[in-house]
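Understanding the architecture of this molecule
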Amino acid sequence: MNKNAKIYVAGHRGLVGSALVRRLEKEGYSNLILRTSKELNLRDESAVKSFFDEEKPEYVFLAAAKVGGIYANNTYPADFIIQNIQIQTNVITHALRTGVKRLLFLGSSCIYPRECPQPMKEEYLLTGPLEPTNEPYAIAKIAGIKMCESINRQHGTGFRSVMPTNLYGPGDNFHPENSHVLPGLLRKFHEAKINQSEYVEVWEAESHGGNSCTSMTWLRHACTS
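Residues numbered from 1 in each chain as written. Predicted model: local features only at pLDDT ≥ 70, side-chain atom pairs only at ≥ 80, totals over all residues. Heavy atoms only, no water.

1. Notes on the sheet that holds strand 2 (residues 32–33)
Backbone-to-backbone hydrogen bonds join strands into a sheet, with any given pair of strands oriented parallel or antiparallel. Short version of the rule: Strand pairing requires that DSSP identify at least two bridges connecting the strands. Helix numbering and strand numbering both begin at the N terminus, where a helix is a DSSP run of H or I of at least 4 residues and a strand a DSSP run of E of at least 2. Throughout, a contact is declared for two residues whenever any of their heavy atoms are within 4.5 Å. Only the contacting stretch of a helix is used when fitting its axis, a line to C-alpha atoms as for every element, and angles between N-to-C directions run 0 to 180 degrees.
Reading across from one edge, 2-1-3-4-5 is the order of the 5 strands in this open sheet, with parallel pairing throughout. Each edge of the open sheet is held by one strand with a lone partner, namely strand 2 and strand 5 (158–162). Two elements, strand 4 (residues 102–106) and strand 5, share 5 bridges in a ladder whose sense is parallel. Its bridge partner being in strand 5, Leu104 is matched across the sheet by Arg160. The strands touched by helix 5 (residues 135–155) within the sheet are strand 4 and strand 5, with strand 5 carrying the most contacts at an inclination of about 155°.

Have a look at this one:
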């Protein structure tokens, strides 16, 4: 990318988006287009259309998404599938319409089957049932991946998908219920050490009746120095 290219980072205040912005700025890219969710609601198709018409970005990093850990995915499944499909459909569609040169879509390792052979390979996608707890989120991400693939096939574009896994770091969500596994565990053990707790409670997902139902239980882990 040219150092002066117009680059739109969707979700620039999130964990991945903020890391992308820091790296791009470090590499000397000075023409970054950034919008908060209050400034641009990516679920609003007309707002996204107007944004692309006005700004005309050359490159797009699509890091915006509704994300959360096991508890959040299990509690708000409709929100996760609806909002993520809305976000990615609006951004990808108007990136195509306005001639964006390259787009990078961020997926998730949860797109692979629950009983996926290890280590995971790309060809294992859509070869088995998904983890029920976050299936709606996974289906939304699979739709985004296939959307990029289909657009490339039909239009010869350079839209790519990558699968970041087990991310944590600056800007992460450390909410006690809605965070992902690693930041959630970091918070629990950090607080346990400060409070000198004898044990830490962590979530465990249990499936019942195949993929029809998933419940959450607690496991207690003794704290040691």
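2. What to know about the nonpolar core
For clarity, the cut-off: Side-chain atoms within 4.5 Å are what join buried Ala, Val, Leu, Ile, Met, Phe, Trp, Tyr and Cys residues into a set we call a nonpolar core. Here the term buried applies to any residue with accessible area under 20% of the maximum for its type, exposed to any over 50%, and partly exposed to those in between, with areas from a 1.4 Å probe on protein chains only.
In this structure, Tyr8, Leu42, Phe52, Leu62, Ile92 and Leu103 are the most contacted members of the largest nonpolar core, which totals 33 residues. Those elements that place two or more of their residues in this core are strand 1 (7–10), helix 2 (45–55), strand 3 (59–62), helix 4 (77–97), strand 4 and helix 5. Sort the elements by how many residues they give to this core and helix 5 lands first, with 6 residues. Of all hydrophobic cores here, the second largest spans 12 residues; its members include Ala5, Ile7, Leu20 and Tyr29.

3. Here's the deal with the pattern of salt bridges
What counts, and what does not: Here a salt bridge means any side-chain nitrogen of Lys or Arg lying within 4 Å of a carboxyl oxygen belonging to Asp or Glu.
Under the definition given, this model contains 10 salt bridges. The salt bridge partner of Arg97 is Asp53, with a shortest N-O separation of 2.8 Å. Pair noted here: Arg97 is in helix 4 and Asp53 is in helix 2, with a separation of 44 residues, a long-range link. Its relative accessible area of 27% is what places Asp53 among the partly exposed residues.

4. A look at the pairing of strand 3
Here strand 3 shows two buried faces, one formed by Tyr59 and Phe61 and the other by Val60 and Leu62. In the sheet, strand 1 pairs with strand 3 via 4 bridges, with the strands oriented parallel. Paired with Ala10 across the bridge in strand 3 is Leu62. By the bridge criterion, 4 bridges tie strand 3 to strand 4 in an arrangement that is parallel. Bridge assignment links Val60 to a residue of strand 4, and that residue is Leu103.

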